Amino acid sequence: MMSYGYKPELSEGAIKSPIFQTSTFVFRNAEAGKAFFEVAYGLREKGKSEELGLIYSRINNPDLEILENRLTLWDEAEECAVFASGMAAVTTVLMEFLTPGALLLHSCPVYGGTEHFIEKILVKRGIHCVTFYPTDSKSDILRKIRESGHADDLAMVFLETPANPTNAIIDMTMCREIADAFSTKEKRVLVAVDNTYMGPLWQHPLKFGADLVVYSATKYIGGHSDVIAGACLGSAALIKRVKTLRTFLGNMAGPWSGWLLLRSLETLKVRMECQAGNAIRVADFLKGHPKVEKVYYLGLIPECDKQYALYRRQCSSPGAMISFDVRGTETHAFRFLNALRLIRLAVSLGGTESLAEHPATMTHAEVPPEERAVMSISEKLIRLSIGVENASDIIYDIDQALAQV
Ligand SMILES: *Cc1c(COP(=O)(O)O)cnc(C)c1O
């Protein structure tokens, strides 16, 4: 994360990559320009030692290329494409691999923006969709697909695990098996995982059969709540398609965002490990507190629970997202949120500062009440993203705010 993919000799010996704040790149000569375009537009295959030449910043830019190279390391992916936002990454993947008539199977709940794009925008364009809950078994899901009447058109399984905000885990191997059950020689049903909640450190979906991993890099990867960006990773063949659509939508990240993320990546591991360490202490405090009814945190799943084995298999850490029910109603939840002094009342997650929010009226306000009930998103549920502050300070703040409930 410190030096991979960057050659100081190409940048006047600068130890860090400069910000290549430029729209276009000067060709050495006309032949070089021609060669670059042939490769960029797929008019011929790239030669063995040939690198994709720099043409124009909507197609490629050094800050983005170095960032993409570094991101491939965490997920051990062949290729990566970075985007102007997590939503740009999600929507570009969905648009590239779903055509009118296709069936999309997705887990529920997914990120609100993703849900809106699927339900309000893709459906209008003739894409069918079927949803499943983390509690659904493989046979439940297979039945839902068959009952949709579009089983033969299944093109993609899209999921988020652990589910936001209650940390329910979905079996990625099972999703692969479901996709395989509807794949044919001509058509591979793709599995795409939004890994924003646990990645890129603690969960690696490609190892569990996913074809594509997407991120809101706004969260842990950026980590400082000061940049919006996204990423998508997978095989060279799939990412080539994703990058081609990105070129024509023009929703790549800019050089300044790319540079900020390169800087963020240097501390990614220390930040995430510190956040996870703090979260263990916070969860431990919450679980015994008389004003707390229930804590949703991967580190507190009982060993006898079916979810425990899944958690141990898929995740290398309980992460830094904790949700909990206060005893009472929305009034009590709001009293808690309004009394916080160190923890900020804001949506988003994964940053250095701890954040708290109320899913039922904020991030998940668009989810119909009956679905919220199925997913335990009650009016007394609070979601915390734990930051890198001193754990004792975070706990002190939660303790004094709970005293106001
Ligand atoms: C934030 C988020 C997104 C959207 O990312 P943006 O960078 O805000 O566009 C997508 N998925 C998940 C799980 C998120 O948390």
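Note that the coordinates shown come from a computational prediction; the quantities given were computed from them, not determined experimentally.

About the thresholds
Residues numbered from 1 in each chain as written. Predicted model: local features only at pLDDT ≥ 70, side-chain atom pairs only at ≥ 80, totals over all residues. Heavy atoms only, no water. Helix = DSSP H or I, 4+ residues; strand = E, 2+ residues; numbered from the N terminus. Rg over C-alpha atoms; globule rule 2.2 N^0.38 Å. Buried < 20%, exposed > 50% of the residue type's maximum accessible area, 1.4 Å probe, protein only. Contact = heavy atoms within 4.5 Å. Areas by Shrake-Rupley, 256 points an atom, 1.4 Å probe, with all protein chains shown as cover. Lys, Arg positive; Asp, Glu negative; His and termini not counted. Charge placed at Lys NZ, Arg CZ, Asp CG, Glu CD. Near = heavy atom within 4 Å. Polar contact = N/O pair within 3.5 Å; in protein donor to acceptor, adjacent residues only side chain to side chain. Nonpolar A, V, L, I, M, F, W, Y, C, P; charged D, E, K, R; others polar. Pairing = 2+ DSSP bridges. Axes fitted to C-alpha atoms, helices over the stretch in contact; angles between N-to-C directions. Left-handed = near helix turned anticlockwise from the far one by under 90°. Salt bridge = Lys/Arg side-chain N within 4 Å of Asp/Glu carboxyl O. Domains from an automatic or database assignment. Buried area = accessible area lost by both parts, 1.4 Å probe.

Q: Whenever I open this one, the overall build of the protein confuses me. Can you help?
A: Counting secondary structure elements, the protein contains 13 helices and 12 strands. Relative to its length of 405 residues, the protein is compact, with a C-alpha radius of gyration of 22 Å against a globular reference of 22 Å. In terms of principal-axis extent, the alpha carbons of the protein reach across some 75 × 55 × 35 Å. Within the protein, the fraction of its 405 residues that count as buried is 54%. The long-range fraction of contacts in the protein, counting pairs at least 24 apart against all pairs at least 6 apart in sequence, stands at 73%. Approximately 18,100 Å² of the protein is accessible, and the part contributed by carbon and sulfur atoms is 54%. Counting 43 positive and 48 negative side-chain charges, the protein places the centres of these two groups 1 Å from one another.

Q: What should I look at first to understand the site of the ligand in this one?
A: In the neighbourhood of the ligand, the contacting residues comprise Ser85, Gly86, Met87, Tyr111, Glu160, Asp194, Thr196, Ser216, Thr218, Lys219, Ile228 and Ala229. The contact in question runs from an oxygen atom of the ligand to an N or O atom on the side chain of Ser216, over 2.8 Å. At 2.6 Å from an oxygen atom of the ligand is found a side-chain nitrogen or oxygen belonging to Thr218. Here the shell around the ligand is built from residues that sort into 4 nonpolar, 5 polar and 3 charged.

Q: Please clarify how the sheet that holds strand E5 (residues 190–194) should be interpreted in this entry.
A: Remark on secondary structure: sheet strands pair via backbone hydrogen bonds, oriented parallel or antiparallel. The strand order E1-E7-E6-E5-E4-E2-E3 describes an open sheet built from 7 strands, whose pairing is mixed. Of all strands in the sheet, those with a lone pairing partner are strand E1 (79–83) and strand E3 (128–132), marking the two edges. On average, each strand axis in the sheet is inclined to that of its neighbour by 20°, with strand direction left out of account. Pairing of strand E6 (residues 212–216) with strand E7 (residues 230–234), which is carried by 5 bridges, proceeds in the antiparallel orientation. What sits directly across from Ser216, in E7, is Gly230. Helix H2 (residues 62–75) rests against E1, E6 and E7 of the sheet, and its axis sits at about 125° to E1.

Q: Would you mind showing me how to read the sheet that holds strand E11 (residues 355–357) here?
A: Ordered by their spatial adjacency, 5 strands build an open sheet running E8-E9-E12-E11-E10, and the pairing between neighbours is mixed. Two strands lie at the open edges of the sheet, namely strand E8 (292–296) and strand E10 (344–345), each paired on one side alone. Judged from the 2 bridges that link them, E10 and E11 form a sheet pairing that is parallel. Paired with Leu345 across the two strands is Ala356, which belongs to E11.

Q: Please explain the environment of Val374 as it appears in this structure.
A: Here Val374 is to be found in helix H12 (residues 369–374). Taking the relative accessible area as the measure of exposure, Val374 reaches 46% and is therefore partly exposed. In the structure, Val374 is positioned 241 residues away from Tyr133 in sequence and 8.5 Å away in space, judged by C-alpha atoms.

Q: Would you explain the packing of helix H5 (residues 138–147) against helix H6 (residues 172–181) in this entry?
A: Each pair of packed helices can be described by the angle between their axes along with the distance between the axes. Axis separation between H5 and H6 bottoms out at 11 Å; the angle between their running directions is 35°. Crossing hand, H5 versus H6: right-handed. For the pair H5 and H6, the contacting residues are Lys138, Ile141, Leu142 and Ile145 in the first and Met174, Glu177 and Ile178 in the second. In the contact of H5 with H6, the residues fall into 5 nonpolar, no polar and 2 charged.

Q: Is there a simple way to think about the pattern of salt bridges in this case?
A: Pairing of side chains with opposite charge becomes possible as their charged atoms draw close. Summed over all chains, the structure comprises 19 salt bridges. A salt bridge links Arg241 to Glu96; the nearest nitrogen and oxygen atoms lie 2.8 Å apart. Of the two residues, Arg241 sits in helix H7 (residues 236–249) while Glu96 sits in helix H3 (residues 86–97), which places them 145 residues apart along the sequence. Bridged by salt links that share partners, the residues Arg176, Asp180, Arg188 and Asp211 form one connected network.

Q: Help me understand the side chain of Ser107, please; the structure alone is not making it clear to me.
A: Within the secondary structure layout, Ser107 lies in strand E2 (residues 103–107). Residue class for Ser107 comes out buried when judged on its relative accessible area of 1%. At a separation of 3.1 Å, a polar atom in the side chain of Ser107 contacts the main-chain amide nitrogen of Glu160. Contact partners of Ser107, with chain neighbours within four places excluded, come to Phe132, Phe158, Leu159, Glu160 and Ile170.

Q: Quick question: what am I supposed to make of the domain arrangement of the protein here?
A: Interface extent is often summarised as the accessible area lost during association of the parts. Under the domain assignment, the protein is made up of domain 1 (23–56), domain 2 (59–265) and domain 3 (268–402). Each of domain 2 and domain 3 has a C-alpha centre, and these two points are 24 Å apart. On the side of domain 3, 40 residues touch domain 2, which itself brings 36 residues to the contact. It is Ile169, Trp202 and Tyr220 in domain 2 that bury the most area against domain 3; as a group they hold 24% of the surface buried on that side. Applying the counting rule to domain 2 against domain 3 returns 1 salt bridge. Between Arg313 and Asp171 there is a salt bridge; the shortest N-O distance is 3.2 Å. Between the two partners, domain 2 and domain 3, sit 17 residue pairs in polar contact (both at pLDDT 80 or more). If you list the elements that add at least two residues to the side of domain 2 that touches domain 3, you get helix H4 (112–122), H6 and helix H8 (255–266). With 3 residues, H4 is the largest single contributor of residues to the side of domain 2 that touches domain 3. Across the side of domain 2 that touches domain 3, the residue classes tally to 19 nonpolar, 14 polar and 3 charged.

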